[in-house]
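Below are the chains, spelled out letter by letter.
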Amino acid sequence: MLYIPANKPKYIQSALSMQNKPDVVILDLEDGVPHDQKDSARQLIPEEAKALRSAYPTFIRINSYGSRWFDDDLKVVTHCDGVLLPKATPEGVAAIISRLTAMATPIPIIPLIESAVGVVTAHEMASMKHVTAIGFGAGDLAIDLGLTWSKDGLEYSYARMKMPVDAAAAGIVAIDGVYMDLDDLEGFERDSSISRRLGFKGRQVVHPNQVPIANKVYAPTESEVNWARKVVQEYEKAALTGIGAIRVDNELVDYMHYRMAKRILDTYNEIIKRNQ
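One structure accompanies this document, and this report is about it. (Residues numbered from 1 in each chain as written. Predicted model: local features only at pLDDT ≥ 70, side-chain atom pairs only at ≥ 80, totals over all residues. Heavy atoms only, no water.)

## Concerning the packing of helix α11 (residues 222-239) against helix α12 (residues 255-274)
Rules: Axes here refer to lines fitted to C-alpha atoms; in helices the fit is confined to the stretch in contact. Angles between the N-to-C directions go from 0 to 180 degrees. For the purposes of this entry, the term helix denotes a DSSP run of H or I that reaches at least four residues, the term strand denotes a run of E that reaches at least two, and both are numbered from the N terminus. With respect to orientation, any angle under 35 degrees is reported as roughly parallel, any angle over 145 as roughly antiparallel, any angle of 65 to 115 as roughly perpendicular, and every other angle as oblique. When the near helix sits turned anticlockwise from the far one by under a right angle, the crossing is termed left-handed; a clockwise turn instead gives a right-handed crossing. A contact between two residues is defined here by any heavy atoms of the two lying within 4.5 Å. Three classes are used, and their members are as follows: Ala, Val, Leu, Ile, Met, Phe, Trp, Tyr, Cys and Pro are nonpolar, Asp, Glu, Lys and Arg are charged, and the others, Gly among them, are polar.
The contact between α11 and α12 brings their axes to 8 Å, and the two run at 130 degrees. Compared by their axis directions, α11 and α12 come out oblique. The chirality of how α11 crosses α12 is left-handed. Along its contact with α11, which presents Glu224, Val225, Trp227, Ala228, Arg229, Val231, Val232, Tyr235 and Glu236, the element α12 presents Tyr255, His257, Tyr258, Met260, Ala261, Lys262, Ile264, Leu265 and Tyr268. The class makeup of the residues in the contact of α11 with α12 is 13 nonpolar, 1 polar and 4 charged.

Take a look at the structure:
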C-alpha cells in the first residue's frame, strides 16, 4: 500500500507510470499534508481518485477522529475504494460506519493501530462492520508510549506481534506499518521478512523504491508454491482412499498442512490475477 500526499497531484502521474505497482494506492490527508494545506488538498481528492482508480484500488487516509478536519474529510471518502482511520479507536470507527451508513456507501475501513488505546482495543475494531484489515503504525505508537522508533522494533514488539493475532481472530488481515529509514532498503527487506513471519500480509510504504521489495517479500516464494502444489495433489489423492496423514518429501502432511498449502496457492493465484 503506497501513500501519496493528496497535496502533491504531480505524484499521481508518477504512480500511474510505475513499473513495479503497489496493490493499493492511498491518498493521504493526514501526516503527509501540512495543516495549512489540508483543506485545499481535500478539494483535489475527487480528481486524483478518479485518475488513480483507472489503475489501482484507491484508498484515502483521513485525519483522526476528534480532529478539526475529520468531518470534512468524511465528505470525500466516497470518491475512493476504502478509508484508513489513523490513531484509530472504536469510537472513531463507529463514527465512520455511521456516516457511511447514512450515505449508503459501505466501503472498506482500515483502522490504523497507532496508540496504546488502539493496541488494547485492536480486536474490537477488527471485528466491527466494514473493517477488512487493520494497519499497524509503529511511529505514532512509540510517541504515545514515550519512546522512539527504532529499526529493531524492540520498543513496540509486543504490539506488533499482537496485531496479526487480533486480525486473524476477527477473520481479517493485518498490514504492517511504514519503515522509516527510506535509504535502508536492505533493512526494509530484512524487517519485512520478519513482519511476514509474524503474520502480516502486506506493508504500508511511502516511497516507490520500497514497493518491489514489499511485493517480493509478502508473496509466496517459488519453493513455497511448488511445495503447496505437491501437498494439495498428494493429500487429495490420499483422501480419496480414506488416508488423512501422509508423507511428502519425508515430512508429515495432514489436514493442517493441506489448509496451509491451499492458502498459499490462493494467495499466489490472486497475485497472478491482479498482475494480468
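## A closer look at the pairing of strand β6 (residues 133-136)
Where we set the bar: A simple rule labels every residue: compare its accessible area, found with a 1.4 Å probe on the protein chains alone, to the largest value its type can have, and call it buried under 20%, exposed over 50%, or partly exposed in between. The pairing criterion for strands is at least two bridges between them, as found by DSSP.
The side-chain alternation of β6 yields two buried faces, one formed by Ala133 and Gly135 and the other by Ile134 and Phe136. By the bridge criterion, 3 bridges tie β6 to strand β7 (residues 173-176) in an arrangement that is parallel. Looking at β7, one finds that Ala133 is bridged to Val173.

## A word on the nonpolar core
Going by this rule: The set of buried Ala, Val, Leu, Ile, Met, Phe, Trp, Tyr and Cys residues whose side-chain atoms join them within 4.5 Å is what this entry labels a nonpolar core.
In this structure, Ile60, Ile62, Ile96, Ile134 and Met163 are the most contacted members of the largest nonpolar core, which totals 57 residues. A per-element tally of this core places helix α4 (residues 90-102) first, with 5 residues. Residues contacting Met163, with those up to four places away along its chain left out, are Ile113, Val119, Ala122, Ile134, Phe136, Ala174 and Phe200.

## Let's talk about the packing of helix α8 (residues 157-169) against helix α9 (residues 185-198)
Where α8 meets α9, the closest approach of the two axes is 9 Å, and the angle between their N-to-C directions is 45 degrees. Between α8 and α9, the crossing angle belongs to the class labelled oblique. Here Arg160, Met161 and Pro164 of α8 come into contact with α9, specifically with Asp191, Ile194, Ser195 and Leu198. Classifying every residue of the contact of α8 with α9 gives 4 nonpolar, 1 polar and 2 charged.

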